[in-house]
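# Close look at the chain arrangement
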Amino acid sequence: MPAASPLRLSLITCLFGLAACPGGATSESTAEPASTGEPASTGSTTAAPTTTASPTTGDTTGASYGEPFSVTVLDRQWITGTGGWDTQHRDVAFDLGPAPFAKVTLVVDLDTDCYPWEKWQTSPPPPGQNWPASCDAFDRTMGFVADPAAQPGDPPGFELLRAITPFGGPQHLEEDITDWANAHPGAHTLRSYINSWPDGAGLVSGSAGGWHLGVRLDVEPGPAPRDVLAVYSLFQGDYTVDTPPPQLPFTLPEGTASVELSYIVTGHGGANDVPGDCIGPAEEFCKRLHRLTLDGNSAGDFVPWRTDCVDLCTITDNPIDPGPSKFCLENPCGAISSVQAPRANWCPGDRVRPVRGPVDTYLGPGPDHTFGFTIDDVVPGGLWTVSATVYAYGP
């Protein structure tokens with residue numbers, strides 16, 4: 001990672017060093033873009049989510065707010081690649097009700113038929129196969145997008161959370177989406193997806209593998225923690241060798257006192273032509289320089305790269321048959337060396353950490369601005385999945 005110049009210190013240092021960011025909160029928010037190569041949803045919306053009642057109460061200021069409530073979006077929904085994109089995702093309508101919100105949390109619970117190993121005793125691999133049929137043993141991209149684009153040319157949806165599933169293991173995630181919710185109360189559609197694929201032969205993964213996905217929104221009405229004036233989704237999609245460098249306009253509302261950028265990016269693909277700083281197939285195992293600009297000026301150059309994946313591999317003895325004699329507790333179906341390997345800004349079994357921080361220093365005068373980015377040395381067959389969101393705050 002190249003050293004940041006003094007001008008870039010505010011954004012790049014606080015993002016990757018997790019230091020306090022001047023001019024804004026230190027919390028992160030994330031989500032997962034739908035790949036530009038994926039078709040839009042066509043009639044895949046599930047039944048309406050379950051919402052608890054929310055009676056109103058008052059506070060010391062005299063304002064009345066509803067009681068905390070939850071919206072169940074998906075309840076152990078089966079997500080699989082057996083039917084392609086139609087069975088890899090679900091679009092569900094939900095309603096947050098009126099703002100303000102003291103806190104809104106996206107809660108995800110992922111379950112699997114791969115693990116614990118005792119499940120193999122009641123659901124063993126079919127004859128001639130290595131995995132139970134319903135087990136997806138791989139690490140998959142999983143994402144949650146509010147109001148996804150219905151067709152090319154529509155405004156991009158808001159990526160609320162992006163994560164990578166464990167190798168065949170369960171997962172629990174919680175993401176604070178309060179700022180987005182206060183800027184966008186009311187009715188929306190939530191797209192939940194996992195890029196799951198079966199192995200028809202059942203040799204490296206289950207022949208009809210998939211995941212049980214639960215999604216819930218926990219909502220606490222009350223005074224907003226920050227004065228959120230607007231939240232704009234600027235980009236959501238894939239950046240490949242053929243992608244023209246995006247230049248994305250946005251207009252800040254009157255009264256904006258501070259601005260933050262959230263940039264979520266992960267490298268993927270299996271390209272074997274790997275020039276540059278790569279330790280395996282591109283772009284999953286490649287270090288690439290990302291260049292961010294605002295109003296045509298550099299807002300920071302950095303290399304998104306995670307070296308802490310070893311922390312998601314607690315090596316554990318397996319006393320029963322089947323299963324390996326030793327495995328990663330957090331990623332039970334993954335080869336230990338693969339789980340521990342560094343990657344292009346992600347680790348198996350973890351949320352994707354957004355690059356987020358204040359960008360006021362880089363903006364020119366006036367309300368109208370442009371955000372741009374480029375990624376160096378991307379090769380054919382590799383891609384970077386990117387989303388970019390701007391948050392405008394009042395005093």
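Cut-offs applied
- Residues numbered from 1 in each chain as written.
- Predicted model: local features only at pLDDT ≥ 70, side-chain atom pairs only at ≥ 80, totals over all residues.
- Heavy atoms only, no water.
- Disulfide = S-S within 2.5 Å.
- Helix = DSSP H or I, 4+ residues; strand = E, 2+ residues; numbered from the N terminus.
- Buried < 20%, exposed > 50% of the residue type's maximum accessible area, 1.4 Å probe, protein only.
- Pairing = 2+ DSSP bridges.
- Axes fitted to C-alpha atoms, helices over the stretch in contact; angles between N-to-C directions.

## Re the state of the cysteines
Scanning the model with the defined rule gives four disulfides in all. Shown here is the disulfide that connects Cys-309 with Cys-347, its sulfur atoms set 2.1 Å apart. Of note, the bridge from Cys-309 to Cys-347 carries an S-S torsion of about -85° and is left-handed in sense. Remark: Cys-347 occurs in the loop between helix H5 (336-340) and strand S22 (355-358) and Cys-309 occurs in the loop between strand S19 (297-302) and strand S20 (315-317); sequence separation between them is 38 residues. Cys-347 shares its class with Cys-309; the two are buried. Should the bonded cysteines of the protein chain be numbered as they appear in the sequence, the pairing reads 1-2, 3-4, 5-8, 6-7.

## Considerations on the sheet that holds strand S18 (residues 290-294)
Hydrogen bonds along the backbone pair up the strands of a sheet, which may run parallel or antiparallel. Reading across from one edge, S13-S23-S18-S19 is the order of the four strands in this open sheet, with antiparallel pairing throughout. Whereas interior strands pair on both sides, the edge strands pair on one side only; in this sheet they are strand S13 (247-251) and S19. Each strand axis lies, on average, 20° off the axis of its neighbour in the sheet, ignoring direction. As judged from the five bridges shared by S18 and S19, these two strands associate in the antiparallel manner. Bridging from a neighbouring strand, Thr-293 pairs with Ser-298 of S19.

## So, the sheet that holds strand S7 (residues 141-146)
Strand order across the open sheet formed by four strands is S5-S10-S7-S8, with antiparallel pairing between neighbours. Whereas interior strands pair on both sides, the edge strands pair on one side only; in this sheet they are strand S5 (89-95) and strand S8 (158-164). Across the sheet, the axes of successive neighbouring strands diverge by a mean angle of 15°, strand direction being ignored. Both S7 and strand S10 (residues 187-194) contribute to a ladder of five bridges, which runs antiparallel.

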